[in-house]
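Architecture at a glance
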Amino acid sequence: MTASRGTPDATSTAGPRMRQWVHRTFGGPEVLQLEETDRPRPGEGEILLRVHAAGVNPVDARTRRGAAPPPGGPPYVPGWDSSGTVEELGPRVSRFRVGDEVFGMHPGGAYAEYLVAPADSFATKPPGISHVEAAGAPVAALGAWQALVELGQVRPGHRVLVHAAAGGVGHIAVQLAKSRGAFVYGTAREPKHAFLRALGVDEPIDYTADDFVAVARDVDIALDLIGGEYGPRTLATLLPGGLLVSTVVSDPGFGETAARVAGARWAPLLATPSGAQLSEIAVLLADGRVQVHVEATLPFEEAAKATALVETERTYGKLVLDLAP
């Protein structure tokens, strides 16, 4: 999976133009610059997307800081989540037509008015939700789906523990688990507990006041979105043979050996694009079993501010940039 650098020659004047956010060095929000550049053209198997909305994720801030540098380094156009209209088809693309409304995940490039990405990374946007809601879904929903459905095979009667349950991935994971009949524990600060209950969390846990190990017991599947000390502590909540899925692969807090000694299974996870899985998720979005909570929608011109907000890790659900024409 190669991150999109999305940086055509900003001095060229040939062909249609567009705006995009670029950081050419690592640092704070101030390193993001809004530039004008040539509109890209799709290659084989790709689509050109007119971006109507772009999701803002913690990875955008980590990449900007240099904590998760893109292959080859900057210059780099952030943004993994997008929803919009297919503007042009590359060769050998048959699943979409020009004018189709789609949403998808692609590693980089969505903070732009137009995006080129593989068609297979996108799915048809459910007609009942807005582009803003759809743009908040792909990274969070695919991470939750791949953790709980693909790896965990969650089913009725399972007990599921979701850390950071009010965040982007967490709030989708809670709803996915509930839609499949699980009992759900969710960790978050106490002021977020009403939000967790509205999502379907059966037992919210205030990690600042309570030891979640003492509350969450006999867990079949745990989803750790925090890492560090949370990893080994979460192992202690699992049933024998239970599964811990960790999305913080750089610092899970333990390794395969420790999991085996604890009698548990461990699976590191980096969410990957999948239009096929997004098509299944789209069904849940269409009928309301899963809803994307968008805490704030910011104009495209405030992308730098949006990455600063997501960096606080205090948001509910998702932040989204609105590029609607």
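Residues numbered from 1 in each chain as written. Predicted model: local features only at pLDDT ≥ 70, side-chain atom pairs only at ≥ 80, totals over all residues. Heavy atoms only, no water.

Some remarks on the pattern of salt bridges
A side chain of one charge can pair with a side chain of the opposite charge when the charged atoms of the two come close. Cut-off, in case you're wondering: Salt bridge, as used here: a side-chain nitrogen of Lys or Arg that lies within 4 Å of a carboxyl oxygen of Asp or Glu. Numbering of helices and strands runs from the N terminus; a helix is a DSSP stretch of H or I covering at least four residues, while a strand is a stretch of E covering at least two. Whether a residue is buried, partly exposed or exposed follows from its accessible area with a 1.4 Å probe, protein chains only, as a fraction of its type maximum: under 20%, in between, or over 50%, in that order.
This model, assessed by the stated rule, comprises 16 salt bridges. The residue arginine 19 makes a salt bridge to glutamate 301 at a minimum N-O spacing of 3.2 Å. Of this pair, arginine 19 sits in strand S1 (residues 17–23) while glutamate 301 is found in the loop between strand S14 (294–299) and helix H10 (303–311), placing the two residues 282 residues apart along the sequence. With a closest N to O distance of 3.2 Å, arginine 233 and aspartate 211 form a salt bridge. Here arginine 233, found in helix H7 (residues 230–235), pairs with aspartate 211, found in the loop between strand S10 (203–205) and helix H6 (212–215); they are 22 residues apart in sequence, far enough to count as distant. Using a relative accessible area of 26% as the deciding quantity, one classes arginine 233 as partly exposed. Residue classification places aspartate 211 among the partly exposed positions, given a relative accessible area of 38%.

Side note on the nonpolar core
Test applied: Throughout, nonpolar core names a set of buried Ala, Val, Leu, Ile, Met, Phe, Trp, Tyr and Cys residues whose side chains join them through atoms within 4.5 Å. Here, two residues are considered to be in contact whenever any of their heavy atoms come within 4.5 Å of each other.
Counting residues in hydrophobic clusters, the biggest one holds 50 residues, and the most contacted among them are Phe103, Leu148, Val160, Ile172, Leu196 and Leu285. Of all the secondary structure elements, the ones that give two or more residues to this core are strand S5 (101–105), helix H3 (138–151), strand S8 (159–162), helix H4 (168–179), helix H5 (193–199), strand S11 (219–224), strand S12 (238–246) and helix H9 (275–287). The element best represented in this core is H3, accounting for nine residues. For leucine 148, the residues in contact, after removing those within four places along its chain, are Gln153, Val154, Val160, Ala173, Ala177 and Ile221. Core analysis: the second largest hydrophobic core is formed by 29 residues, Ala304, Leu319, Leu321 and Leu323 among them.

Quick notes on the sheet that holds strand S9 (residues 183–187)
Just so we agree on the cut-off: What makes two strands pair is DSSP finding at least two bridges between them. Angles shown run from 0 to 180 degrees and are taken between the N-to-C directions of axes, each axis being a line fitted to C-alpha atoms and, for helices, limited to the stretch in contact.
Taking strand neighbours across the sheet as the criterion, the six strands line up as S10-S9-S8-S11-S12-S13 in an open arrangement whose pairing is parallel. Here the strands that pair on one side only, and so sit at the sheet edges, are S10 and strand S13 (265–268). Adjacent strand axes in the sheet meet at a mean angle of 15° when their direction is disregarded. Across three bridges, the pairing between S9 and S10 is parallel. Opposite tyrosine 185, over in S10, you have glutamate 203 as the bridge partner. Against the sheet, H3 touches S8, S11, S12 and S13, its axis set at about 150° to S12.

Observations regarding the packing of aromatic side chains
Formally: Each Phe, Tyr or Trp ring, with Trp reduced to its six-membered ring, pairs with another whose centre is within 6.5 Å; inter-plane angles below 30 degrees give stacked pairs, above 60 give edge-to-face pairs, and intermediate values give tilted ones. Charge-over-ring contacts are defined here by two conditions on Lys NZ or Arg CZ: a distance within 6 Å of the ring centre and an angle within 35 degrees of the ring normal.
Within the structure shown, the criterion is met by five aromatic pairs. Relative to tyrosine 230, the ring of phenylalanine 212 has its centre 5.4 Å away and its plane inclined at 15°; by these criteria the two rings are stacked. Residue phenylalanine 212 is located in helix H6, and its partner tyrosine 230 is located in helix H7; the two are separated by 18 residues in the primary sequence. Each member of the pair, phenylalanine 212 together with tyrosine 230, is buried. Lying over the aromatic face of tyrosine 114, arginine 50 brings its terminal NZ or CZ to 5.5 Å of the ring centre. The ring centre of tyrosine 316 lies 5.1 Å from the NZ or CZ of lysine 192, which sits over that ring.

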